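# Structure assessment
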Amino acid sequence: MRKSLSILLAIFCLATTVEMSAKKPQVKIETPASDSRIEYIGRTLVNGTEVSYEWSGVFFRVKFNGPYLAMKCSDSKNSWFNLWIDKEMSPEADRKFLIAAKDTLVVLAEGLGKGEHEVILQKRTEGEQGRLTIYSFLSEGEILQASGRKERHIEFIGDSYTCGYGTESHDKNDPFLPETENCNLTYAAIASRYFDADFNLVSHSGQGIARNYDNAGAGYHMPHRYNQTFNTSKEPIWDPSAAPYKPDMVVIYLGTNDFSCGEQPAEINFRNNYISLLNKIKDNYGEDIPILCMASPADPYLYDYVRNAVVVSGLKKVAYMAVSNSAHNYEDDLGASWHPNYQGHIKVASCMIPYISTLTGWKMEEKSYK
């Protein structure tokens, strides 16, 4: 009897020990945001161990061991993000959420199975909606080297179309809402996915080549904003030589705002500013970088403006194309404030993909646009 009681007591103690061990909180490993194992795509500023960024579409990849990952961060306003866990970026994110707080902890993943996992977080709203600063990551396992950049990379320069204004809206009379702005559903993201390329966006709603929407911010347009590290700050200037990536080609989709509200810029001003932007791109990436210049159907003269600027520039490997009024319809393919929704952006991407293929030599394949 005494022997049986001893055995039962031993079993009870063992079970209690196992239960206490199971409930014991896991030690969190803190890793600086600037750690080289973390992969950032897009324009960022590293300040000590912190990483900050504003432009639409900037994203990072973090690979880690264990079930849990969080980040310590601050947002200057109200930025929305797309999140994917253990998969590549696709049109539908695993989660979308808002960061609108200073010095906050955001849990990116928890309750995952054992082993290696990777998280991708993409900023889906533009710089006017906020600047994110990441201080560090907390994980229950070791941070590992991220899977790395893709072999191909495209940079897109544009306005609200490129930012994804209204892409998740389905009515052209809807007002703009930050939560329906999703750059991951734009022609830029769709074309990049088609070619299995990484991409970065230099885009700002309302911006033009020589005239912004309704003449706002006269004298300060996308050719002036292009070399900025942050969307909303003229300083610091972005240093392409220090960037960890270099695009294989650049796409410009600007000019709609130049012809907004029934007005248009003087062609010589448009041409000079456009050529200035082309030269900045060539200075950043070399004269052999191919550039595709797109003209929207905003005005019958816009295509002529773009074509003439390219011809007069005399630069090599610069092509131009028009997106006509028939590229998408003006009912089902429009979202907020008459901007293309996801369906409309698929059609725009289908127009430009052959040009990208020709300029880069990347072969077109029989697969869907998404």
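To keep things clear, this report deals only with the structure shown in the data block.

Definitions and limits used
Residues numbered from 1 in each chain as written. Predicted model: local features only at pLDDT ≥ 70, side-chain atom pairs only at ≥ 80, totals over all residues. Heavy atoms only, no water. Helix = DSSP H or I, 4+ residues; strand = E, 2+ residues; numbered from the N terminus. Contact = heavy atoms within 4.5 Å. Areas by Shrake-Rupley, 256 points an atom, 1.4 Å probe, with all protein chains shown as cover. Buried < 20%, exposed > 50% of the residue type's maximum accessible area, 1.4 Å probe, protein only. Pairing = 2+ DSSP bridges. Core = buried A, V, L, I, M, F, W, Y, C linked by side-chain atoms within 4.5 Å.

### Examining the overall build of the protein
A tally of helices and strands in the protein yields seven helices and 19 strands. Along the first, second and third principal axes, the C-alpha set of the protein runs to 100 × 45 × 40 Å. When contacts within the protein are restricted to residue pairs at least 6 apart in sequence, those whose partners lie at least 24 apart make up 77%. Carbon and sulfur atoms make up 52% of the accessible area of the protein, which totals about 16,500 Å².

### Brief notes about the pairing of strand S5 (residues 59–65)
With five of seven residues buried, S5 lies mostly within the body of the structure. Bridge analysis of strand S2 (residues 39–41) against S5 gives three bridges, and the strand direction is antiparallel. In the strand pairing of S5, Glu39 is matched with Arg61. Strand direction decides the pairing type here: S5 and strand S12 (residues 143–144), joined by two bridges, are antiparallel. Opposite Phe64, over in S12, you have Ile143 as the bridge partner.

### Let's talk about the nonpolar core
In terms of nonpolar packing, the biggest core is built from 55 residues, with Phe60, Met71, Leu108, Phe137, Ile157, Ile252 and Ile281 touching the most fellow members. The element contributing the most residues to this core is helix H5 (residues 267–285), with six residues. With sequence-adjacent residues up to four places away left out, Ile252 is seen in contact with Ile157, Tyr274, Leu277, Leu278, Ile281, Ile291, Leu292, Cys293 and Met294. In terms of nonpolar packing, the next biggest core, distinct from the first, is built from 29 residues, Ile190, Tyr194, Val323 and Ile353 among them.

It is worth stressing that arrangement in space is one thing and function is another; only the former is reported here.
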